[in-house]
Amino acid sequence: MQLARDTTVTITPASSVLTLASVSGPASLTKAGAGILEANQIDIAGGLNVSAGNVKLLDSGGATRNAVTSLNIAGVATVDLASNALVVDYTGASVAAAVRSLLVTGRGTGSWNAAGLTSSTADGTQTALGFVEASDLGGAVPPVFGTVDSTAVLVRYTLMGDADLNGSVDSVDFNFLAANFGASSQKWLEGDFNYDGAVDTVDFNSLAANFGAALPASSFGALIPEPTSLAIIGLLGVSLSRRLRKNKASGRPVHGMRGVWALCPARRDANTLVVGLIKQ
Ligand SMILES: [Ca+2]
Ligand SMILES: [Ca+2]
Ligand SMILES: [Ca+2]
């Protein structure tokens, strides 16, 4: 559906479903009514406003890029991103905090099945929706988001622990988490994968469980197997060990590391520290 001008689509009653291949054009889309609007893709140079009901982006065998210039979801309404990606290409003041608030409500109690910006594909254990301010990625915007300017908020379905939203969980993600460990009021990029603001052992365990795994490039089959738990422990242990030694040698505090020590019941060396965290 090509939008030539701002358009309101009303779907009612709640059991009604309107399925569109794609929605594009230089205009805003408002979805009203308690029914469901399904689409393979929404890529518009305008806002997406959902005053009621559900807008669902369909799974299509790979992460589809969707784009809007603003996103408004009423309290009882839902945008279901499923396994896809969304660019909120705003102008002016950042909308990152507002998008995060929509994700917090969409996550609900952890199952990603509540009103707001949510994902019926995410399970909240292995997968979730992550978000990031594009400018915080330092130019390393994952290809799934296409070309974006510095004023854009990026959201995608991905693995828990994938801080930089590139679809895999590795040492880059771990370093984001480690640098902020023990801090509060943090965001996904900084290692808060369960949206409580804190970067702690819950987030660490999510990352550790997916360490070495990647989203399938073009299918939704089994995730690429991760290495053994022992390998995860060893790798993370080495990384933390280096940080701690650096801290000790310089005499200067490394941000976040105090929290790691405080949480560890057995801290004779760095490897013991990490094993202790994983076992919590
Ligand atoms: Ca922009
Ligand atoms: Ca990553
Ligand atoms: Ca957290």
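Here the structure is shown first, and the text comes after it.
Everything numeric in this text was worked out from a predicted model, so none of it was measured.

### Quick word on the overall build of the protein
Part 1: For the protein, the helix and strand inventory stands at six helices and 13 strands.
Part 2: Taking all 280 residues of the protein together, the buried fraction comes to 41%.
Part 3: Relative to all contacts within the protein whose residues are 6 or more apart in sequence, the contacts with residues 24 or more apart total 46%.

### Focus: helix 1 (residues 96-107)
In an α-helix, one full turn covers 3.6 residues, which means residues spaced three or four apart are oriented alike.
Part 1: Taking 1.5 Å per residue, twelve residues should reach 16 Å; helix 1 reaches 16 Å between its end C-alpha atoms and fits that length.
Part 2: As for helix 1, its buried residues are in contact with strand 8 (70-73), strand 10 (85-88), strand 11 (116-118), strand 12 (127-133) and strand 13 (153-159).
Part 3: Backbone geometry just downstream of helix 1 places G108 in the positive-phi region, at approximately 65 degrees.

### Let's talk about unusual backbone geometry
Part 1: Cis geometry marks the peptide bond from T12 to P13; its omega dihedral reads 5 degrees.
Part 2: Even without a glycine there, the phi angle at W112 is positive, about 55 degrees.
Part 3: Examined against the element boundaries, W112 turns out to sit in the loop between helix 1 and strand 11.
Part 4: Phi at Y195 takes a positive value of approximately 60 degrees, unusual for a residue other than glycine.
Part 5: Locating Y195 in the fold gives a position in the loop between helix 2 (171-180) and helix 3 (201-210).
Part 6: Among the residues examined, Y195 registers 21 C-beta atoms within 10 Å and is labelled buried.

Definitions and cut-offs
As a convention, each chain's residues are numbered from 1 in the sequence order in which they are written. Key to labels: chains lettered from A, ligands numbered from 1, both in the order written. Since the coordinates come from a predicted model, pLDDT governs what is reported: local features require at least 70, and pairs of side-chain atoms require 80 or more to be given and counted, while whole-chain, interface and lining totals use all residues. Secondary structure is summarised from DSSP: a helix means a run of H or I of at least four residues, a strand means a run of E of at least two, and numbering begins at the N terminus for each. Whether a residue is buried, exposed or partly exposed is read from the other C-beta atoms within 10 Å of its own C-beta, which are placed from the backbone; 20 or more gives buried, 12 or fewer gives exposed, and intermediate counts give partly exposed. Residues are defined as contacting one another if the C-beta atoms placed from their backbone atoms lie within 7 Å. An expected span of 1.5 Å times one less than the residue number is assigned to each helix.

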